[in-house]
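Geometric and topological summary
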Amino acid sequence: MLKPSATLGVSYLASRLAAWVLAGLMVAPALQAASEVSGADLEPLLEHISAAGTVEGEFRQQKMLQDMESSLDSRGSFTFSADSGLQWRVEEPISTQLHVTAEGMVQTQGGTEVLRLDAAEAPLAVTVSQILLAVFAGDYQTLEAHFELAAHGDTDGWTLILVPETEVIARVVQRITVEGGDYLTGLLLEEANGDSTRVQLHSTSSR
Amino acid sequence: MFNDVRGRRSAVVWALLLGACVVFLTMRFSEGRVFDTSILALLPDSQHDPVAELATITVQDRFASQALFLVGSPKGSKTDPGPIADEFAGQLRASGAFSGVTTELDPEVQSRLADLYRPYRYQLLTAEVRRHLSVGDPKPLVDEALRQIVSPGGSPRAVSLPEDPLNLLGHWLRNLQPRGGIQATGSGLVVESDDYRYRVVMAAFDGSPFGMDRQQAVLAAVARASAVLDSTGGEIVLLRSGVVFHAAAGAEQAKSEISTIGAGSLLAIALLLLWHFRAVASLVLPLVSIGTGMLLALAVSLAFFGQIHIVTLAFGAGLVGVSIDYSLHYLCYRRQFGGNALTEILPGIALGLMSSVLAYAAQAFTPFPGLQQMALFSATGLVGAWVTVVLWFPLVGARSTPASQATPLGQGLRRLAQARTLLAAVLGVLVLLAAIGLPQLRFHDDLRALSSSPPDLLAQEEKVRALSRASGGAQFLLVQGQEAQQVLEAEEAVRQELDGLVADGHLESYQAISQFIPSVRRQQHNLELVQTQLASGDVLPEFFALLGASSTTAQRSQARIQAQPRGWLAPDAAEAAPVHELVPHLWLGQVDDNTVASVISLGAMGAASVPEQLAGIAAGQSGVRYIDRAAEISGLLTGYRETVTQWLLLAYGIVVLLLACRYRGSTWRVVGPALAATLMTFGLLALFGQVMNLFNLLAALLILGVGLDMGIFSRESRHRSHAWEAITLSAITSALAFGLLALSDTPVLHHFGITVLPGIFLTWFLAFVAGSGSLATENTTTEVLIRGSRKA
């Protein structure tokens, strides 16, 4: 199914650093206010996603960075379950794994832990992890706490647009677009500095 | 001595002068900022070193004018502390007591910081990045850069990929962020304990936390804002930290104790005087004398020093005990004999005043501002009280007739004098006990022993400190050099050793300007390293190839690094302003014509040996000094105490010389009781385990003042009963006025009181046992006869 939140996740953990780093770079363009959709409209969509228990699949990611003439591509596989969180395995061009849980994130490479962000060190990373998992789990309330939500479509094909409401997040992320039908199928992260990341998800099995 | 006309004219002049004092004080009090409460204000400026002084002030101002609040709820609870914290912060802002209230990082400063560093990104390397590059192993850096790109999201970059392929700027900026403690999140600043999560509210105010006006404004604002917590049913807790709260608590306590203890003792003195003299005039006259003394002392001290310290005021409260003596002698003499009492007692009280004033004047020449203030206050207070007795008292009730009956006090004293043998035995035991105690006398000059913060406030402070991992600012390294680059290079050398302490867990953290702006030498070295490793060779081409980017991108990136213009970031450049805004206490800059200085602030220390290690590190690097303000102040208190001891001895010396002119061989009878009583007091206090400090010694100066009066008057009056009545009343009033401070919870006041109380009692006891022989046999008739014969 989908994998939007990982994108979110890392970029938010980044945004913790961002407190220092990023703010300067990005003048957030004014966003057109997304038409707000009531919880009553959104919840069926999210419930629809969350109906599936464990989801596995493959993904392709295209990253468009400013000052680069072509996209940077990578691919890999993922597994999500409500119990054990999200496993995001990049296979090309290098091999690295990210495990996202409600407690934070751990990144490994070649079996070695290279990054750990937990509540004590990086509370924002935990927030990000929770947002990420909330998308998978269809947790409308968690999402609404951080974003203004807008949705259209029906359960066969729908689009959900998340615009950050808190300033710290808005300094990093301009907008996140999540697409899906029975499963999540795509994710577009537009960063405030003009970079963007598109992830296509192809779920191969669900239990 | 004074004829009526001259006397009246002088009395009027005195009244006019006091009127001027009232006008001045009224104006001064309406301006505010009359009282100072910082113990530090009593001490001389640190070590006669203007640079260290400036550094201390800069660092302390940074911490002293801030308050930190944690608004928290238990981790399991459904209540989010966020909205409450925001409302609390909003109320603080609206109060106007604070110049700034924040609940999140200021994005403006951060963005300006990123702008500042961007052009210099190839020459700003963290220790870790430099290590990888200098050993020619950039692979960990390449891997990390790749991971960030292929991981979903990845860190947003401060500059584009070709402009900074290995994200050197990202490493640099991330490294500047403090670790642990307070964290920035999407919803604001947070900090967590094991069982609570807190939102952080930081507030800064203008002005000194020791100014009472500022304290009151801050406390009132916090009290009003705390009301927002009331609606939460006790689930939300508020922790506060800041010098201002401790200063306010200390000042409040001292103030309320001076007023309650002061009012209590004044009432007791009033009852005592009424009981003894049985006339309202005898109550009013001493009060007028004391009051005018205080009036003059306050006015002169304020005019001279600008502000009065609360400890001076406490010391001044003791002055009541000394300054009332002149009135008492006047009244006791008049009660017994009537007539012109002044003429009879004038030699005695003039000598008493002169010796006391000289003793206090000696203090004024010490280099300690606190002592100078107390000396001026005491001397002018005594002069004021004395002048009132001399100029005003003869105008009132001069025609009163001698009392025919002996007073209950006089009878009591006579009976007591008849039991002198027993008293002498008691005294002997006391002397013995004191002699045993005296060798055990110990001094402890720790500043913390003088802090009177309530335990609850201290507990909050400690908790907030531990959670936020903030440093108190009392310890730091001072780095000096002839120019900025020398200072930065010295910092970089010393930081290597500090890093060792941090790695060992001995030091929580440190902050130095060279972490934000490296020396030019290091920037040059870094740039060479980056150009050697990355501008040519395979590292970047392979990196871009892995990402599927074209080889021209790699070439462009390498050419960009090679062509980096040579220009260096410097702390004194105008562009460095964002750094100084962020860490304003680190860079002192040009402090005089040939000195540039900076401060390395230090976090919490993990072991008692760390200060010593730090001092050792500083000693090993020229231009670097370890400054420990707390230890320094304790050292100053020690110096202060030693100075007071010397001046105490000198004061006794002056007094002995002066009195020897009049009393010759029997001078010791006059000075002896005060001196012996002081030694006995110290011995007895030591015996009971009391540890002494500066303030016990200051009390010894008061014992000298009161004790001398006793000695002089008993001598001058040839130990007649009116004199013993006056002396006894004086001892009791002194004990009441000042000794009651022993009950105080403010350490400074407590130490004063606990010394003065036994000191004055023992002085009286000694003088009485030694000099009351004639009292036992004296009666009123012989007294009148003697008086008659002297007149003739």
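Summarised in this report is the structure supplied together with it. Quick caveat: nothing in here was measured; it's all calculated off a predicted structure.

1. Structural notes on the overall build of chain B
When its secondary structure is counted, chain B shows 30 helices and 13 strands. On C-alpha atoms alone, chain B measures out to a radius of gyration of 35 Å, which is more than a quarter above the 28 Å that the 2.2 N^0.38 rule sets for 792 residues. Its C-alpha atoms put chain B at 125 × 55 × 50 Å along the principal axes. Relative to its full complement of 792 residues, chain B shows a buried share of 55%. Partitioning the intrachain contacts of chain B with sequence separation of at least 6 by distance along the chain shows that 82% fall at a separation of at least 24. When the accessible area of chain B is evaluated, it comes to approximately 31,800 Å², of which 60% is carbon and sulfur surface. Of the charged side chains in chain B, 55 are positive and 62 negative, and the gap between their average positions amounts to 12 Å.

2. Notes on the pairing of strand E3 (residues 85–92) of chain A
Residues and elements named next belong to chain A. Here seven bridges tie strand E2 (residues 72–81) to E3, and the two strands are oriented antiparallel to one another. The partner of Ser 77 across the bridge, within E3, is Arg 89. Connecting the antiparallel pair E2 and E3 is a turn made up of three residues. Across five bridges, the pairing between E3 and strand E4 (residues 96–101) is antiparallel. Bridge assignment links Val 90 to a residue of E4, and that residue is Thr 96.

3. Details of the packing of helix H1 (residues 4–31) of chain B against helix H10 (residues 280–305) of chain B
Residue and element names in this part refer to chain B. Direction vectors running N to C along H1 and H10 enclose 55°, while the axes themselves pass 9 Å from each other. Compared by their axis directions, H1 and H10 come out oblique. Considering how the two elements wind past one another, H1 and H10 form a crossing that is left-handed. In contact with Trp 14, Leu 18, Cys 21, Val 22, Phe 24, Leu 25, Arg 28 and Phe 29 of H1, H10 contributes Thr 292, Leu 295, Leu 296, Leu 298, Ala 299, Leu 302 and Ala 303.

4. Section: the environment of Phe 205 of chain B
Residue and element names in this part refer to chain B. Counting through the fold element by element, Phe 205 comes out in the loop between strand E6 (196–204) and helix H8 (212–226). Taking the relative accessible area as the measure of exposure, Phe 205 reaches 3% and is therefore buried. C-alpha separation for the pair Phe 205 and Ser 550, spaced 345 residues apart in sequence, amounts to 56 Å. Setting aside anything within four residues of it in sequence, one finds Phe 205 in contact with Ala 64, Ser 65, Gln 66, Ala 97, Phe 98, Ser 99, Arg 214, Val 218 and Val 244.

Criteria and cut-off values
- Residues numbered from 1 in each chain as written.
- Chains lettered and ligands numbered in written order.
- Predicted model: local features only at pLDDT ≥ 70, side-chain atom pairs only at ≥ 80, totals over all residues.
- Heavy atoms only, no water.
- Helix = DSSP H or I, 4+ residues; strand = E, 2+ residues; numbered from the N terminus.
- Rg over C-alpha atoms; globule rule 2.2 N^0.38 Å.
- Buried < 20%, exposed > 50% of the residue type's maximum accessible area, 1.4 Å probe, protein only.
- Contact = heavy atoms within 4.5 Å.
- Areas by Shrake-Rupley, 256 points an atom, 1.4 Å probe, with all protein chains shown as cover.
- Lys, Arg positive; Asp, Glu negative; His and termini not counted.
- Charge placed at Lys NZ, Arg CZ, Asp CG, Glu CD.
- Pairing = 2+ DSSP bridges.
- Axes fitted to C-alpha atoms, helices over the stretch in contact; angles between N-to-C directions.
- Parallel < 35°, antiparallel > 145°, perpendicular 65-115°, else oblique.
- Left-handed = near helix turned anticlockwise from the far one by under 90°.

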